[in-house]
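Summary of the model geometry
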Amino acid sequence: MGLLYLGTPLSWDQAKPHADAIREHGITQFLNIWHRLKDRQGDELLWGDEVEYMVVSFDHDAGAARLSLRQTDILAKLAQLVNDICIESSAKLTDMPTFHPEYGRFMLESTPGSPYTGSLPDLLSVEKSMRYRRTLARSHLKPNEVPITLPVFPRLGVPGVFTDPYYDPANAKASHSLFLPDEITNPHVRFPTITANTRERRGSKVAMNLPLFFDTNTPRPFIDPTIPWDRNIYKEDPEAKNGAALPDHIYMDAMGFGMGCSCLQITFQACNIAEARRVYDALVPIGPIMLALTAASPAWRGYLSDVDCRWNVIAGSVDDRTEEERGIKPLSENKYVIPKSRYDSVDSYISTDWINRPEYNDNPLPIDEKTYQRLRDNGLDDLLAKHIAHLFIRDPLIVFSETLDWNDETSSDHFEVYALLQGIQSTNWQTLRFKPPPAGSPIGWRVEFRSMEISLTDFENAAFSIFIVLLSRAILSFGLNFYVPMSKVDANMQRAQKRNAAREGTFFFRKSVFPVGSERRYTTTAPVTPPDLPNGCGPSINKENKLRNCYPEVPPPADPEKLRVPIEEEYEEMTIDEIINGKGNDFPGLLGLVHAYLNSLDVDFPIKRKLRKYLALIEQRADGTLMTAATWQREFIRSHPDYKFDSVVSESINYDLLKAADEIERGLRPAPGFLPSHYTGTEEDTGEPGP
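A quick note: this is a predicted structure, and the numbers were derived from the prediction, not measured.

So, how was this worked out
Residues numbered from 1 in each chain as written. Predicted model: local features only at pLDDT ≥ 70, side-chain atom pairs only at ≥ 80, totals over all residues. Heavy atoms only, no water. Helix = DSSP H or I, 4+ residues; strand = E, 2+ residues; numbered from the N terminus. Buried < 20%, exposed > 50% of the residue type's maximum accessible area, 1.4 Å probe, protein only. Pairing = 2+ DSSP bridges. 1 Å grid on protein atoms, 1.4 Å probe; cavity = no way out; pocket = protein on both sides within 12 Å on 5 of 7 lines; lining within 4 Å. Points joined across faces, edges and corners; volume = space filled by probe spheres on them. Nonpolar A, V, L, I, M, F, W, Y, C, P; charged D, E, K, R; others polar. Phe/Tyr/Trp six-rings, centres within 6.5 Å; stacked < 30°, edge-to-face > 60°. Axes fitted to C-alpha atoms, helices over the stretch in contact; angles between N-to-C directions. Parallel < 35°, antiparallel > 145°, perpendicular 65-115°, else oblique. Left-handed = near helix turned anticlockwise from the far one by under 90°. Contact = heavy atoms within 4.5 Å. Salt bridge = Lys/Arg side-chain N within 4 Å of Asp/Glu carboxyl O. Expected span 1.5 Å × (residues − 1). Patch = residues over 30% accessible without salt bridge, like charges linked within 9 Å, V, L, I, M, F, W, Y side chains within 5 Å. Areas by Shrake-Rupley, 256 points an atom, 1.4 Å probe, with all protein chains shown as cover. Lys, Arg positive; Asp, Glu negative; His and termini not counted. Charge placed at Lys NZ, Arg CZ, Asp CG, Glu CD. UniProt positions renumbered as here; feature names shortened; annotations may be inferred. Core = buried A, V, L, I, M, F, W, Y, C linked by side-chain atoms within 4.5 Å. Disulfide = S-S within 2.5 Å.

Here we look at unusual backbone geometry
In this chain, D164 is followed by P165 through a cis amide linkage whose omega measures 5°. Along the chain, the position of P165 falls in the loop between β6 (163-164) and α5 (190-202). In this model, R220 is joined to P221 through a cis peptide bond whose omega is -10°. With respect to the helices, strands and loops of the structure, P221 is situated in the loop between β7 (208-211) and α6 (240-244). Even without glycine at this site, F645 takes up a positive phi of about 55°. Residue position: F645 is located in the loop between α20 (629-638) and α21 (651-666).

A short note on the pairing of strand β5 (residues 145-148)
Of the two faces of β5, both are covered, the one formed by E145 and P147 as well as the one formed by V146 and I148. As paired strands, strand β1 (residues 47-59) and β5 are joined by 4 bridges and run antiparallel to one another. Bridge pairing in β5 links S57 to E145.

Considering empty space enclosed by the protein
Counted according to the given criterion, the structure contains 4 cavities of 30 Å³ or more. Roughly 60 Å³ of internal volume is contained in the second largest cavity. Forming the boundary of the second largest cavity are S175, T195, T198, R199, K205, V206, D253, A254, M255 and S317. By residue class, the composition of the lining of the second largest cavity is 3 nonpolar, 4 polar and 3 charged.

Brief notes about the packing of aromatic side chains
Think of a pair of aromatic rings as described by two things: how far the centres are apart, and how the planes are tilted against each other in angle. Inspection of the entire model under this criterion finds 22 aromatic pairs. Residues W47 and Y116 carry aromatic rings whose centres are separated by 4.5 Å and whose planes lie at 40° to one another, so their mutual orientation is tilted. With W47 in strand β1 and Y116 in the loop between β4 (107-111) and α4 (120-139), this residue pair connects regions lying 69 residues apart in the sequence. Classification of W47 by relative accessible area gives buried; the value is 1%. Arranged with centres 5.0 Å apart and planes meeting at 65°, the rings of Y643 and F645 form a pair that is edge-to-face.

Some remarks on the packing of helix α8 (residues 273-283) against helix α14 (residues 458-478)
In the contact formed by α8 and α14, the axes pass within 10 Å of each other and the chain directions differ by 115°. In terms of their interaxial angle, α8 and α14 are classed as roughly perpendicular. Judged by the twist between their axes, the crossing of α8 over α14 is right-handed. Seen from α8, the contacting residues are E275, R278, V279, A282 and L283; seen from α14, they are L471, S472, I475 and L476. Class assignment for the residues of the contact of α8 with α14 results in 6 nonpolar, 1 polar and 2 charged.

Concerning the pattern of salt bridges
Inspection of the entire model under this criterion finds 52 salt bridges. The partner of D43 in a salt bridge is R40, with the nearest N and O atoms 2.6 Å apart. A salt bridge links E570 to R510; its shortest N-O distance comes to 3.0 Å. Here R510 lies in strand β16 (residues 506-510) and E570 lies in the loop between β18 (529-532) and β19 (571-575), a separation of 60 residues in the sequence. Residue classification places E570 among the buried residues on the basis of a relative accessible area of 11%. Residue R510 is classed as buried on the basis of its relative accessible area of 9%. Taken together, the salt bridges that share partners define one network made up of D20, R23, R201, D320, E325, R342 and D395.

Digging into the layout of surface pockets
In this structure, the second largest pocket encloses a volume near 420 Å³. Taken together, 18 residues form the lining of the second largest pocket, with K16, R201, E333, N334 and D395 sitting closest to its centre. Among the elements that take part in the lining of the second largest pocket, helix α2 (residues 19-37) stands out by supplying 3 residues, more than any other.

With respect to α21
Between its first and last C-alpha, α21 extends 23 Å over 16 residues, near the 22 Å set by a 1.5 Å rise per residue. Turning to α21, its buried residues are I653, N654, Y655, L657, L658, A660, A661, D662, E663, I664 and E665. Buried residues along α21 sit in contact with β1, β2 (64-68), α4, β5, α14 and α20. Phi for G667, located one or two positions after α21, is positive at around 85°.

Points about a positive patch on the surface
Residues K128, R609, K610 and K613 make up a contiguous surface patch of positive charge. Looking at the secondary structure, you find K128 in helix α4. Of the residues examined, K128 reaches a relative accessible area of 37% and is grouped as partly exposed.

Thoughts on the UniProt feature "transmembrane region" (unreviewed entry) in the protein chain
When the UniProt feature table is mapped onto this chain numbering, "transmembrane region" (unreviewed entry) sits at residues 462-484. Between the end C-alpha atoms of residues 462-484 there is a gap of 28 Å, over a span that is 74% helix and 0% strand.

Side note on the packing of helix α9 (residues 286-293) against α14
Close contact between α9 and α14 brings their axes to 12 Å; oriented N to C, the two are set at 160°. With respect to α14, the axis of α9 lies roughly antiparallel. α14 is crossed by α9, and the crossing has right-handed handedness. Contacts between α9 and α14 involve I286, M290 and L293 from the first element and F464, F467, I468 and L471 from the second. Grouping the amino acids of the contact of α9 with α14 by side-chain chemistry returns 7 nonpolar, no polar and no charged.

Some words on the nonpolar core
Ranked by internal contacts, the top residues of the largest apolar core, which has 202 residues, are F268, I286, F467, F482, I580 and L590. At 14 residues, the largest contribution of residues to this core is made by α14. Leaving out residues up to four positions away in the same chain, I580 has contacts with I289, L293, F467, G589, L590, L591, G592, I618 and A622.

A word on the state of the cysteines
Using the criterion set out here, one finds 1 disulfide in the structure. Shown here is the disulfide that connects C271 with C550, its sulfur atoms set 2.2 Å apart. In this structure the cystine formed by C271 and C550 twists about its S-S bond by roughly 95°; its chirality is therefore right-handed. In this pair, C271 is assigned in the loop between β9 (264-269) and α8 and C550 in the loop between β18 and β19, connecting sequence segments 279 residues apart. What makes C271 buried here is its relative accessible area of 5%. Residue C550 is classed as partly exposed on the basis of its relative accessible area of 32%. The thiol of C261 is unpaired, and the distance to the nearest cysteine sulfur, on C263, comes to 8.7 Å.

Below you can see the structure in the form of structure tokens.
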């Protein structure tokens, strides 16, 4: 999250009359960008990561771990620290990492000071940069505070004390939550406003129900005794007992449960708009796979759940759809039945490449017809116009009075309200984000990959980041085709969140990923070799020594009959192991494709050896040699001496779990079966600024 805009936010009743005007201005601002930059070409590969932390405060005497709510103080000290380092050394400010606020007052976000390039040494600088950022953050925390990279605090929202300092949920005037005080939210006016406006627009509190993990002593049916069923402070308080809280589930009722989760996000700049759309589409089916592979969220509100990932909690936490828009009541006050929350998986493919068959976009896609027609009249193709017009069926949840009269020629703020998360809070979050260039910026067309959970160590986060960037280059270099119907991607998103999906689940994935007409050479014992593609596409004969953009499009085959294979014959169900590591002689696996891409480059052996350590983590998480963070947490909790096999994560278990997580990250505690034996923690390797 970037800079926070200072202004006067409007309540939902105040903002609602301006929604149509904001849509008009947002499209005008987008079209100004479109007309100026739709033909922009030749941007080099620049990319970056966003790492999010929760700051945990340990009370070692009491054996308790709580969330520290000192975000404002911590960020101020880190900003001063970065400036002081630049003054006292030769470091440039752009070389130093940047720390940003997030929704939760217990959260920090860090990014590298400048983007990584396509150079191979930059790939090896990712972990060093992440370690350095963590080291800086830790250096300006209290001695009992620790920056931990896990998606969710297991006891967020339990009765009693779970924050430092304590605040009473009875005073939750923005969320009206039964469990979370407003003070867990970033104090900037945008955050309580978007929380309150979501509730007011929806007509009720948000409601998330995760299936409980039933252990041997868990009561059946499970009626949660920690819910204050009879509280009577806010008008929404009876919702829980009137059906919002489901039996046998973990009930949550506030935005903070979802937007208080941490994740890992990767953004890369494309050569041009066509390449950005190509990479966007290719990574859409990868989103659920990486969600399952990075699973790290098994415990919620003091209970073990029967899911391993955060995604549905976040989707539910910002679901502002009314009962009409959710299809519960007939349309009357609203225009659309909207199938998903505004935070969910991608709704449509957008590339105009020939491999994108119309049948892949098989989900309902409500669009704002007026917006669609205006975009078409201004030269946008059908797919991109529908993508934008679909985003614009949503109402803006956060409006500042000062932005209502801004200049459309020099601003993209109203478009940002809908599509991006930069200067003004985004209100559309999906697994992938197609990002137009910001107004007045040298930045080009970009793609943001958003599905992954944050991992416990910087080694893991670097490995997943490097893997996604290398896979994106393999996609472009080899002209890969990962298309499956969008309905199957949605099904995969739900499968990815199930307990132990990385080992036990199956996912719809494409059987043949090379373009029609290319030659494929791979076996079960040898890595895939780069395909011979028609008309000079694919890797160049002279090996390059860096990752790059600007690959030519793969031309269609001469025989159109080859395109007319029934869609249902193009994909099958595979395990994560098969998708990542390959399936016999028929499918090379994503890792095989990445290795083939590396083999097409001029890579020094020392660099390749180091890269293989990262890729080996991907391989071993997929084949089960190393467990996911979700499985590690689940096993830790169930083997704890205080665990009663009743699904409850007690104060002492939570304390020991987070203490162990910190010790593992620092390299003070071995984690066999979870991390490779060569792992070195930040106690020994504090990292370096970079790239």
